[in-house]
Amino acid sequence: MITTMILLFVVGYLFIALEHKTKIDKSAVALLMAGAIWTVFSLLGNDPEIQHELVDQLGDTCEILVFLIGAMTIVDLIDSYGGFGVITDHITTRNKRKLMWLLAIITFFMSAALDNMTTTIIMVMLLRRLIANKKERWIFASVIVIAANSGGAWSPIGDVTTIMLWMRGNVTAGNLIAALFLPCLVSVIIPTAIASRYVADRPAAPVGARALATGCPECIGPRLRKFILVVGVLSLLFVPVFKSLTGLPPYMGMMVSLGFMWILTEIIYDRKRSIRNMEESIQPRVAKVLKHIDMPTILFFLGILMAVGALQTGGVLTDMADWLDKSVHEVFTIAGAIGLLSSVVDNVPLVAACMGMYPVADAAAVAASADPAFAQNFVQDGLFWHLLTYCAGVGGSLLIIGSAAGVVAMGLEKISFGWYLKRISLLALAGYAAGIAVIWLEHLIVGL
(Lines give C-alpha, C1' and ligand atoms only; values in the text may rest on other atoms or scores of the structure.)
Protein backbone atom coordinates (compact mmCIF):
# COMPACT_ATOMS: atom_id res chain seq x y z
CA MET A 1 0.00 0.00 0.00
CA ILE A 2 2.70 2.49 1.02
CA THR A 3 4.68 1.79 -2.15
CA THR A 4 1.61 2.36 -4.30
CA MET A 5 0.80 5.65 -2.57
CA ILE A 6 4.36 6.92 -3.01
CA LEU A 7 4.40 5.81 -6.66
CA LEU A 8 1.13 7.64 -7.37
CA PHE A 9 2.50 10.79 -5.74
CA VAL A 10 5.78 10.64 -7.70
CA VAL A 11 4.02 10.03 -11.02
CA GLY A 12 1.53 12.81 -10.33
CA TYR A 13 4.31 15.16 -9.37
CA LEU A 14 6.21 14.44 -12.55
CA PHE A 15 3.15 15.42 -14.58
CA ILE A 16 2.83 18.63 -12.52
CA ALA A 17 6.50 19.50 -13.00
CA LEU A 18 6.29 18.78 -16.74
CA GLU A 19 3.03 20.67 -17.28
CA HIS A 20 4.58 22.75 -20.05
CA LYS A 21 5.51 19.55 -21.88
CA THR A 22 2.42 17.43 -21.30
CA LYS A 23 -0.03 20.36 -21.79
CA ILE A 24 -2.18 18.91 -18.97
CA ASP A 25 -3.21 21.46 -16.36
CA LYS A 26 -1.45 20.79 -13.05
CA SER A 27 -4.68 21.43 -11.14
CA ALA A 28 -6.37 18.49 -12.85
CA VAL A 29 -3.39 16.25 -12.11
CA ALA A 30 -3.30 17.33 -8.45
CA LEU A 31 -7.00 16.59 -7.94
CA LEU A 32 -6.72 13.18 -9.62
CA MET A 33 -3.59 12.37 -7.63
CA ALA A 34 -5.25 13.24 -4.32
CA GLY A 35 -8.30 11.15 -5.14
CA ALA A 36 -6.20 8.16 -6.26
CA ILE A 37 -3.96 8.19 -3.17
CA TRP A 38 -6.88 8.43 -0.75
CA THR A 39 -8.66 5.65 -2.66
CA VAL A 40 -5.67 3.33 -2.37
CA PHE A 41 -5.37 4.16 1.32
CA SER A 42 -9.07 3.41 1.85
CA LEU A 43 -9.06 0.12 -0.05
CA LEU A 44 -5.76 -1.28 1.21
CA GLY A 45 -5.13 0.50 4.49
CA ASN A 46 -7.75 -1.21 6.65
CA ASP A 47 -8.03 1.95 8.74
CA PRO A 48 -11.43 2.15 10.51
CA GLU A 49 -10.87 5.86 11.24
CA ILE A 50 -10.22 6.89 7.64
CA GLN A 51 -13.46 8.87 7.31
CA HIS A 52 -12.63 10.90 10.40
CA GLU A 53 -9.01 11.43 9.26
CA LEU A 54 -10.17 12.50 5.80
CA VAL A 55 -12.51 15.11 7.28
CA ASP A 56 -9.70 16.40 9.54
CA GLN A 57 -7.34 16.78 6.58
CA LEU A 58 -10.04 18.49 4.50
CA GLY A 59 -10.79 20.89 7.36
CA ASP A 60 -7.13 21.88 7.72
CA THR A 61 -6.83 22.33 3.95
CA CYS A 62 -10.01 24.38 3.61
CA GLU A 63 -8.80 26.81 6.30
CA ILE A 64 -5.89 27.68 4.02
CA LEU A 65 -8.07 27.84 0.90
CA VAL A 66 -10.62 30.18 2.53
CA PHE A 67 -7.75 32.43 3.63
CA LEU A 68 -6.29 32.47 0.10
CA ILE A 69 -9.63 33.20 -1.55
CA GLY A 70 -10.18 36.15 0.78
CA ALA A 71 -6.66 37.52 0.23
CA MET A 72 -6.86 37.12 -3.55
CA THR A 73 -10.23 38.89 -3.64
CA ILE A 74 -8.97 41.89 -1.66
CA VAL A 75 -5.85 42.18 -3.83
CA ASP A 76 -7.91 41.97 -7.04
CA LEU A 77 -10.33 44.55 -5.65
CA ILE A 78 -7.46 46.99 -5.00
CA ASP A 79 -6.22 46.37 -8.53
CA SER A 80 -9.67 46.92 -10.06
CA TYR A 81 -9.70 50.39 -8.49
CA GLY A 82 -6.20 51.12 -9.83
CA GLY A 83 -4.74 51.25 -6.32
CA PHE A 84 -1.36 49.85 -7.30
CA GLY A 85 -0.95 52.60 -9.88
CA VAL A 86 -0.68 55.03 -6.96
CA ILE A 87 2.61 53.34 -6.03
CA THR A 88 4.07 52.88 -9.48
CA ASP A 89 3.14 56.38 -10.70
CA HIS A 90 5.46 57.87 -8.05
CA ILE A 91 8.55 56.21 -9.55
CA THR A 92 10.19 59.02 -11.48
CA THR A 93 13.94 58.29 -11.47
CA ARG A 94 15.49 57.50 -14.86
CA ASN A 95 18.93 56.38 -13.65
CA LYS A 96 19.00 52.65 -14.31
CA ARG A 97 20.97 51.59 -11.25
CA LYS A 98 18.90 53.73 -8.90
CA LEU A 99 15.78 52.42 -10.63
CA MET A 100 16.83 48.82 -10.05
CA TRP A 101 17.37 49.41 -6.34
CA LEU A 102 14.08 51.29 -6.06
CA LEU A 103 12.13 48.52 -7.81
CA ALA A 104 13.78 45.83 -5.67
CA ILE A 105 12.92 47.66 -2.42
CA ILE A 106 9.31 48.36 -3.46
CA THR A 107 8.82 44.76 -4.58
CA PHE A 108 10.37 43.43 -1.36
CA PHE A 109 7.85 45.28 0.82
CA MET A 110 4.85 44.96 -1.52
CA SER A 111 5.16 41.17 -1.66
CA ALA A 112 5.12 41.00 2.13
CA ALA A 113 1.50 42.18 2.07
CA LEU A 114 0.41 40.93 -1.36
CA ASP A 115 1.06 37.63 -3.07
CA ASN A 116 4.31 37.25 -5.02
CA MET A 117 2.61 36.71 -8.35
CA THR A 118 0.48 39.86 -8.21
CA THR A 119 3.44 41.96 -7.10
CA THR A 120 5.56 40.61 -9.95
CA ILE A 121 2.87 41.33 -12.54
CA ILE A 122 2.52 44.92 -11.33
CA MET A 123 6.26 45.60 -11.32
CA VAL A 124 6.98 43.89 -14.67
CA MET A 125 4.19 45.85 -16.32
CA LEU A 126 5.79 48.99 -14.90
CA LEU A 127 9.13 47.99 -16.43
CA ARG A 128 7.60 48.03 -19.88
CA ARG A 129 7.15 51.79 -19.74
CA LEU A 130 10.58 52.46 -18.17
CA ILE A 131 13.09 50.17 -19.93
CA ALA A 132 13.04 49.81 -23.71
CA ASN A 133 15.93 47.34 -24.17
CA LYS A 134 14.62 43.77 -23.86
CA LYS A 135 17.76 42.18 -22.39
CA GLU A 136 18.12 44.95 -19.81
CA ARG A 137 14.45 44.51 -18.94
CA TRP A 138 15.16 40.80 -18.35
CA ILE A 139 17.78 41.75 -15.75
CA PHE A 140 15.34 44.09 -14.00
CA ALA A 141 12.58 41.48 -14.13
CA SER A 142 14.90 38.86 -12.63
CA VAL A 143 15.73 41.15 -9.71
CA ILE A 144 12.00 41.69 -9.22
CA VAL A 145 11.47 37.91 -9.04
CA ILE A 146 14.19 37.57 -6.39
CA ALA A 147 12.81 40.50 -4.38
CA ALA A 148 9.24 39.17 -4.59
CA ASN A 149 10.22 35.72 -3.32
CA SER A 150 12.40 37.11 -0.53
CA GLY A 151 9.79 39.65 0.49
CA GLY A 152 7.13 37.00 0.77
CA ALA A 153 9.23 34.81 3.06
CA TRP A 154 9.46 37.11 6.10
CA SER A 155 5.77 37.97 6.33
CA PRO A 156 3.07 35.61 7.68
CA ILE A 157 0.80 36.63 4.78
CA GLY A 158 3.47 37.07 2.09
CA ASP A 159 3.49 33.59 0.56
CA VAL A 160 1.34 30.47 0.52
CA THR A 161 3.98 28.55 2.47
CA THR A 162 4.27 31.20 5.20
CA ILE A 163 0.48 31.30 5.42
CA MET A 164 0.44 27.51 5.87
CA LEU A 165 3.09 27.54 8.59
CA TRP A 166 1.49 30.48 10.39
CA MET A 167 -2.04 29.10 10.25
CA ARG A 168 -0.96 25.66 11.50
CA GLY A 169 0.87 27.20 14.47
CA ASN A 170 4.42 26.30 13.41
CA VAL A 171 5.43 29.96 13.55
CA THR A 172 3.99 33.14 15.04
CA ALA A 173 3.83 36.44 13.16
CA GLY A 174 6.06 38.51 15.42
CA ASN A 175 8.83 35.96 15.78
CA LEU A 176 8.78 35.14 12.06
CA ILE A 177 9.28 38.78 11.11
CA ALA A 178 11.98 39.29 13.76
CA ALA A 179 13.93 36.21 12.67
CA LEU A 180 13.65 36.47 8.88
CA PHE A 181 13.46 40.15 7.95
CA LEU A 182 17.23 40.67 7.94
CA PRO A 183 18.13 37.35 6.20
CA CYS A 184 15.51 38.01 3.51
CA LEU A 185 16.74 41.59 3.05
CA VAL A 186 20.32 40.33 2.64
CA SER A 187 19.11 37.76 0.07
CA VAL A 188 17.86 40.70 -2.02
CA ILE A 189 20.68 43.19 -1.45
CA ILE A 190 23.48 40.91 -2.66
CA PRO A 191 21.90 39.89 -6.02
CA THR A 192 20.71 43.45 -6.65
CA ALA A 193 24.17 44.88 -5.95
CA ILE A 194 25.72 42.47 -8.46
CA ALA A 195 22.95 42.81 -11.06
CA SER A 196 23.17 46.61 -10.95
CA ARG A 197 26.66 46.24 -12.46
CA TYR A 198 25.08 44.58 -15.51
CA VAL A 199 23.38 47.81 -16.56
CA ALA A 200 24.97 51.08 -17.60
CA ASP A 201 24.98 53.90 -15.04
CA ARG A 202 23.02 56.29 -17.25
CA PRO A 203 19.41 57.42 -17.70
CA ALA A 204 16.99 54.99 -19.30
CA ALA A 205 15.90 55.86 -22.83
CA PRO A 206 12.27 56.98 -23.17
CA VAL A 207 9.97 54.11 -23.96
CA GLY A 208 7.07 56.11 -25.29
CA ALA A 209 3.58 56.83 -24.07
CA ARG A 210 2.77 53.43 -22.68
CA ALA A 211 0.21 53.48 -19.93
CA LEU A 212 0.60 51.09 -17.07
CA ALA A 213 -2.02 48.38 -17.47
CA THR A 214 -3.87 48.72 -14.22
CA GLY A 215 -7.26 47.96 -15.73
CA CYS A 216 -8.66 50.97 -13.86
CA PRO A 217 -11.51 52.90 -15.49
CA GLU A 218 -10.94 56.64 -15.97
CA CYS A 219 -14.00 57.55 -13.90
CA ILE A 220 -12.20 56.43 -10.72
CA GLY A 221 -10.25 59.42 -9.48
CA PRO A 222 -6.82 59.47 -7.78
CA ARG A 223 -8.26 60.09 -4.30
CA LEU A 224 -10.50 57.03 -4.50
CA ARG A 225 -7.63 54.89 -5.83
CA LYS A 226 -5.42 55.94 -2.94
CA PHE A 227 -8.21 55.38 -0.42
CA ILE A 228 -8.92 51.84 -1.64
CA LEU A 229 -5.19 51.02 -1.66
CA VAL A 230 -4.72 52.17 1.94
CA VAL A 231 -7.87 50.49 3.25
CA GLY A 232 -7.14 47.26 1.34
CA VAL A 233 -3.58 46.95 2.62
CA LEU A 234 -4.69 47.76 6.16
CA SER A 235 -7.35 45.07 5.85
CA LEU A 236 -4.68 42.50 4.98
CA LEU A 237 -2.40 43.66 7.78
CA PHE A 238 -5.34 43.50 10.19
CA VAL A 239 -5.42 39.69 9.93
CA PRO A 240 -2.32 38.97 12.08
CA VAL A 241 -3.52 41.58 14.59
CA PHE A 242 -6.94 39.92 14.73
CA LYS A 243 -5.36 36.54 15.44
CA SER A 244 -3.20 38.00 18.22
CA LEU A 245 -6.13 39.77 19.87
CA THR A 246 -8.76 37.03 19.61
CA GLY A 247 -6.81 33.78 19.32
CA LEU A 248 -9.12 32.78 16.46
CA PRO A 249 -7.67 31.18 13.28
CA PRO A 250 -6.35 33.60 10.63
CA TYR A 251 -9.05 32.71 8.11
CA MET A 252 -11.63 34.25 10.46
CA GLY A 253 -9.71 37.53 10.36
CA MET A 254 -9.56 37.35 6.57
CA MET A 255 -13.33 36.79 6.45
CA VAL A 256 -13.83 39.91 8.60
CA SER A 257 -11.51 41.95 6.37
CA LEU A 258 -13.19 40.77 3.17
CA GLY A 259 -16.65 41.45 4.60
CA PHE A 260 -15.59 44.98 5.58
CA MET A 261 -14.11 45.68 2.13
CA TRP A 262 -17.23 44.27 0.49
CA ILE A 263 -19.57 46.55 2.45
CA LEU A 264 -17.31 49.58 1.96
CA THR A 265 -17.08 49.17 -1.82
CA GLU A 266 -20.83 48.57 -2.10
CA ILE A 267 -21.42 51.88 -0.32
CA ILE A 268 -18.98 53.57 -2.72
CA TYR A 269 -20.71 51.93 -5.67
CA ASP A 270 -24.12 53.09 -4.46
CA ARG A 271 -22.98 56.71 -4.05
CA LYS A 272 -20.79 57.05 -7.15
CA ARG A 273 -23.01 57.57 -10.17
CA SER A 274 -20.02 57.32 -12.53
CA ILE A 275 -19.20 53.83 -11.23
CA ARG A 276 -22.84 52.69 -11.36
CA ASN A 277 -22.98 53.75 -15.02
CA MET A 278 -19.92 51.69 -15.94
CA GLU A 279 -20.25 48.57 -18.05
CA GLU A 280 -21.40 45.81 -15.72
CA SER A 281 -18.55 43.41 -16.55
CA ILE A 282 -15.86 45.86 -15.35
CA GLN A 283 -17.59 47.33 -12.31
CA PRO A 284 -15.13 47.22 -9.35
CA ARG A 285 -17.38 45.25 -7.00
CA VAL A 286 -16.55 42.16 -4.97
CA ALA A 287 -19.33 40.22 -6.68
CA LYS A 288 -17.58 40.84 -10.01
CA VAL A 289 -14.06 40.31 -8.70
CA LEU A 290 -14.99 36.91 -7.27
CA LYS A 291 -15.80 35.69 -10.77
CA HIS A 292 -12.19 36.34 -11.78
CA ILE A 293 -10.54 34.53 -8.85
CA ASP A 294 -7.89 32.07 -10.05
CA MET A 295 -9.86 28.93 -9.19
CA PRO A 296 -7.47 26.53 -10.98
CA THR A 297 -4.75 27.64 -8.53
CA ILE A 298 -7.09 27.14 -5.56
CA LEU A 299 -7.96 23.64 -6.82
CA PHE A 300 -4.27 22.89 -7.32
CA PHE A 301 -3.60 23.69 -3.68
CA LEU A 302 -6.61 21.57 -2.68
CA GLY A 303 -5.29 18.57 -4.60
CA ILE A 304 -1.68 18.93 -3.45
CA LEU A 305 -2.48 19.48 0.22
CA MET A 306 -4.96 16.61 0.31
CA ALA A 307 -2.45 14.28 -1.40
CA VAL A 308 0.23 15.21 1.12
CA GLY A 309 -2.37 14.75 3.87
CA ALA A 310 -2.94 11.18 2.69
CA LEU A 311 0.79 10.46 2.88
CA GLN A 312 0.87 11.95 6.35
CA THR A 313 -2.12 9.89 7.53
CA GLY A 314 -0.59 6.74 6.04
CA GLY A 315 2.64 7.24 7.99
CA VAL A 316 4.84 7.83 4.93
CA LEU A 317 6.04 11.26 6.06
CA THR A 318 6.79 10.02 9.58
CA ASP A 319 9.02 7.31 8.11
CA MET A 320 10.81 9.90 5.97
CA ALA A 321 11.36 12.11 9.01
CA ASP A 322 12.83 9.18 10.93
CA TRP A 323 15.21 8.46 8.06
CA LEU A 324 16.34 12.09 7.86
CA ASP A 325 16.84 12.21 11.63
CA LYS A 326 19.08 9.16 11.52
CA SER A 327 21.02 9.90 8.33
CA VAL A 328 21.29 13.71 8.36
CA HIS A 329 20.28 14.96 11.82
CA GLU A 330 21.14 18.60 11.09
CA VAL A 331 18.47 21.22 10.47
CA PHE A 332 20.54 23.59 8.32
CA THR A 333 21.36 20.74 5.92
CA ILE A 334 17.76 19.50 5.79
CA ALA A 335 16.22 22.94 5.25
CA GLY A 336 18.98 24.03 2.84
CA ALA A 337 18.39 20.96 0.68
CA ILE A 338 14.66 21.64 0.67
CA GLY A 339 15.37 25.17 -0.51
CA LEU A 340 17.49 23.92 -3.40
CA LEU A 341 14.78 21.43 -4.28
CA SER A 342 12.14 24.20 -4.25
CA SER A 343 13.84 25.74 -7.30
CA VAL A 344 12.64 22.72 -9.27
CA VAL A 345 9.66 21.45 -7.29
CA ASP A 346 6.74 23.60 -6.12
CA ASN A 347 7.39 24.76 -2.56
CA VAL A 348 3.80 24.23 -1.36
CA PRO A 349 3.92 20.41 -1.26
CA LEU A 350 7.51 20.51 0.03
CA VAL A 351 6.50 22.61 3.01
CA ALA A 352 3.31 20.61 3.51
CA ALA A 353 5.38 17.40 3.54
CA CYS A 354 7.79 18.84 6.11
CA MET A 355 4.88 19.89 8.30
CA GLY A 356 3.63 16.31 8.13
CA MET A 357 7.07 14.86 8.80
CA TYR A 358 7.81 17.03 11.81
CA PRO A 359 4.83 17.86 14.05
CA VAL A 360 5.32 20.91 16.28
CA ALA A 361 7.06 19.62 19.41
CA ASP A 362 5.89 20.60 22.88
CA ALA A 363 7.94 20.62 26.08
CA ALA A 364 7.00 17.02 26.89
CA ALA A 365 8.02 15.78 23.43
CA VAL A 366 11.36 17.59 23.68
CA ALA A 367 12.06 16.14 27.13
CA ALA A 368 11.15 12.61 25.99
CA SER A 369 13.29 12.81 22.85
CA ALA A 370 16.52 10.84 22.55
CA ASP A 371 18.20 14.11 21.47
CA PRO A 372 16.43 17.03 23.23
CA ALA A 373 18.75 19.62 21.65
CA PHE A 374 17.74 18.49 18.15
CA ALA A 375 14.06 18.21 19.08
CA GLN A 376 14.14 21.80 20.36
CA ASN A 377 14.49 22.95 16.75
CA PHE A 378 10.92 21.78 16.06
CA VAL A 379 9.01 23.62 18.79
CA GLN A 380 6.79 26.53 17.77
CA ASP A 381 9.05 29.20 16.26
CA GLY A 382 11.94 26.74 16.44
CA LEU A 383 14.99 27.17 14.25
CA PHE A 384 13.85 24.55 11.74
CA TRP A 385 10.55 26.30 10.98
CA HIS A 386 12.23 29.66 10.38
CA LEU A 387 14.84 27.98 8.19
CA LEU A 388 12.17 26.10 6.26
CA THR A 389 10.18 29.30 5.69
CA TYR A 390 13.24 31.11 4.41
CA CYS A 391 14.66 28.30 2.29
CA ALA A 392 11.40 27.27 0.64
CA GLY A 393 10.55 30.86 -0.25
CA VAL A 394 13.93 32.26 -1.29
CA GLY A 395 15.12 29.00 -2.86
CA GLY A 396 12.49 29.37 -5.56
CA SER A 397 14.53 32.21 -7.07
CA LEU A 398 17.41 29.92 -8.05
CA LEU A 399 15.67 28.97 -11.29
CA ILE A 400 13.15 30.96 -13.34
CA ILE A 401 10.67 28.07 -13.04
CA GLY A 402 11.15 27.75 -9.27
CA SER A 403 8.33 30.07 -8.18
CA ALA A 404 5.04 31.54 -9.32
CA ALA A 405 6.75 34.92 -9.55
CA GLY A 406 9.41 33.49 -11.85
CA VAL A 407 6.91 31.72 -14.09
CA VAL A 408 4.86 34.93 -14.42
CA ALA A 409 7.93 37.00 -15.32
CA MET A 410 9.02 34.29 -17.74
CA GLY A 411 5.64 34.41 -19.47
CA LEU A 412 5.32 38.20 -19.57
CA GLU A 413 8.85 38.95 -20.77
CA LYS A 414 9.64 35.65 -22.56
CA ILE A 415 12.76 35.19 -20.41
CA SER A 416 14.56 32.01 -21.48
CA PHE A 417 15.42 29.33 -18.95
CA GLY A 418 19.02 29.15 -20.16
CA TRP A 419 19.59 32.91 -19.96
CA TYR A 420 18.33 33.04 -16.37
CA LEU A 421 20.43 30.02 -15.42
CA LYS A 422 23.56 31.60 -16.91
CA ARG A 423 23.13 35.20 -15.78
CA ILE A 424 20.97 35.17 -12.62
CA SER A 425 21.04 31.78 -10.85
CA LEU A 426 24.48 32.31 -9.28
CA LEU A 427 23.41 35.76 -8.05
CA ALA A 428 20.30 34.28 -6.46
CA LEU A 429 22.36 31.45 -4.96
CA ALA A 430 24.78 33.97 -3.42
CA GLY A 431 21.89 35.82 -1.78
CA TYR A 432 20.29 32.54 -0.67
CA ALA A 433 23.49 31.32 0.99
CA ALA A 434 24.14 34.71 2.59
CA GLY A 435 20.67 34.72 4.12
CA ILE A 436 21.22 31.26 5.63
CA ALA A 437 24.50 32.52 7.07
CA VAL A 438 22.65 35.45 8.67
CA ILE A 439 20.12 33.03 10.22
CA TRP A 440 23.01 30.99 11.59
CA LEU A 441 24.59 34.11 13.13
CA GLU A 442 21.28 35.24 14.58
CA HIS A 443 20.80 31.82 16.16
CA LEU A 444 24.38 31.75 17.43
CA ILE A 445 24.49 35.28 18.83
CA VAL A 446 20.92 36.28 19.64
CA GLY A 447 19.25 32.88 19.91
CA LEU A 448 16.49 33.58 17.37
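Keep in mind the model is a prediction, meaning the values are calculated, not measured.

**Some details on the overall build of the protein**
Scanning the protein from terminus to terminus reveals 24 helices and zero strands. Relative to the compact-globule value of 22 Å for 448 residues, the protein shows a C-alpha radius of gyration of 22 Å, a close match. By its C-alpha atoms, the protein is 65 × 50 × 45 Å across when sized along the principal axes. Burial statistics for the protein: of 448 residues in total, 53% are counted as buried. In the protein, the proportion of contacts linking residues at least 24 apart, taken out of those at least 6 apart, comes to 78%. Considering the protein, the positive charge centre built from 31 side chains and the negative charge centre built from 31 side chains are found 19 Å apart.

**Describing the pattern of salt bridges**
Tallying each qualifying case throughout the model produces three salt bridges. For K96, the salt bridge identified is with E136, shortest N-O distance 2.6 Å. In this pair, K96 sits in helix α6 (residues 96–113) while E136 sits in helix α8 (residues 134–153), placing the two residues 40 residues apart along the sequence. Grouping residues by exposure puts K96 and E136 together as buried.

**As for the confidence of the model for the protein**
Across the protein, pLDDT averages 84, with 92% of residues at or above 70. Confidence, expressed as mean pLDDT per element, reaches its minimum in the protein at helix α13 (residues 273–276) with 64 and its maximum at helix α10 (residues 173–195) with 94. Scored below 50 in pLDDT, residues 208–215 makes 12 contacts in the model with residues more than four places away or belonging to other chains.

**Focus: the environment of A178**
Take A178: it is sitting in helix α10. Take A178: its relative accessible area is 45%, and that puts it in the partly exposed class.

**Re the side chain of S111**
Mapped onto the elements of the fold, S111 is located in helix α6. A distance of 3.1 Å separates a polar side-chain atom of S111 from the backbone oxygen of A148. Looking at S111, its side chain comes within polar contact range of the main-chain nitrogen of G152, at 3.4 Å. If we skip the residues at most four places from it in the chain, S111 touches N116, T119, A147, A148, G151, G152 and G158.

**What to know about the nonpolar core**
If you look at the biggest cluster of nonpolar residues, it comprises 140 residues, and the most contacted ones within it are M164, I304, F384, W385 and Y390. Contacts of F384, omitting those with residues within four sequence positions, involve V331, I334, A335, C354, Y358, N377 and F378.

**Describing α8**
Taking 1.5 Å per residue as the helical rise, α8 with its 20 residues ought to reach 28 Å, and the 29 Å between its terminal C-alpha atoms agrees with that figure. With 18 of 20 residues buried, α8 is to be regarded as a mostly interior element. The residue sitting at the N-terminus of α8 and contributing the capping side-chain oxygen is N133; that oxygen lies 3.1 Å from the backbone nitrogen of K135.

**What to know about helix α18 (residues 347–357)**
For α18, a buried count of 11 out of 11 residues is recorded, marking the element as mostly surrounded by other parts of the structure. Restricting attention to buried positions, one finds in α18 the residues N347, V348, P349, L350, V351, A352, A353, C354, M355, G356 and M357.

**Section: the packing of aromatic side chains**
For the structure shown, the criterion picks out 18 aromatic pairs. Ring centres 5.2 Å apart and planes at 90 degrees place the aromatic pair F108 and F109 in the edge-to-face group. By relative accessible area, which is 1% here, F108 ends up buried. A ring pair is formed by F109 and W154, whose centres lie 6.2 Å apart and whose planes are at 80 degrees; its orientation type is edge-to-face. Of this pair, F109 sits in helix α6 while W154 is found in the loop between α8 and α9 (160–167), placing the two residues 45 residues apart along the sequence. The exposure class of F109 is partly exposed, given its relative accessible area of 42%. On the basis of relative accessibility, which here comes to 11%, the residue W154 falls in the buried class. Looking at K26, its charged tip hangs above the ring of F300, at a distance of 4.6 Å from the centre. One residue, R285, lies across the ring of Y269, its end atom 3.9 Å from the ring centre.

Quick notes on the rules
Sequence order sets the numbering: in each chain, residues are counted from 1 along the sequence as written. Under the rules for a predicted model, residues below a pLDDT of 70 receive no local features and side-chain atom pairs below 80 are neither given nor counted, while totals for whole chains, interfaces and linings still include all residues. Hydrogen atoms and water are omitted, and side-chain values are computed over all heavy atoms in the structure. Helix numbers and strand numbers start at the N terminus; a helix is a DSSP run of H or I with at least 4 residues, a strand a run of E with at least 2. It is over C-alpha atoms that the radius of gyration is taken, and the globule rule equals 2.2 Å times the number of residues to the power 0.38. Think of it in three bands: residues with accessible area under 20% of the maximum for their type are buried, residues over 50% are exposed, and the middle band is partly exposed, with areas taken using a 1.4 Å probe on protein chains only. Contact between two residues is taken to exist if any of their heavy atoms lie within 4.5 Å; hydrogens are not considered. Counted as positive: Lys and Arg. Counted as negative: Asp and Glu. His and the chain ends are not counted at all. For the purpose of locating charges, the reference atoms are NZ of Lys, CZ of Arg, CG of Asp and CD of Glu. Put simply, a salt bridge is a Lys or Arg side-chain nitrogen that is within 4 Å of an Asp or Glu carboxyl oxygen. pLDDT expresses, on a scale from 0 to 100, how confident the predictor is about each individual residue. Here a polar contact is recorded for every N or O atom pair within 3.5 Å, except that within protein the pair must consist of a potential hydrogen donor and a potential acceptor, and residues adjacent in sequence are included only if both atoms are side-chain atoms. Here, the term nonpolar core denotes a set of buried Ala, Val, Leu, Ile, Met, Phe, Trp, Tyr and Cys residues that are joined through side-chain atoms within 4.5 Å. To estimate the expected span of a helix, count its residues, drop one, and scale the result by 1.5 Å. Under the pairing criterion, centres of Phe, Tyr and Trp rings, with the six-membered ring standing for Trp, must be within 6.5 Å; the plane angle then separates stacked pairs below 30 degrees from edge-to-face pairs above 60, leaving the rest tilted. Charge over a ring is defined by NZ of Lys or CZ of Arg lying within 6 Å of the ring centre and within 35 degrees of the ring normal.

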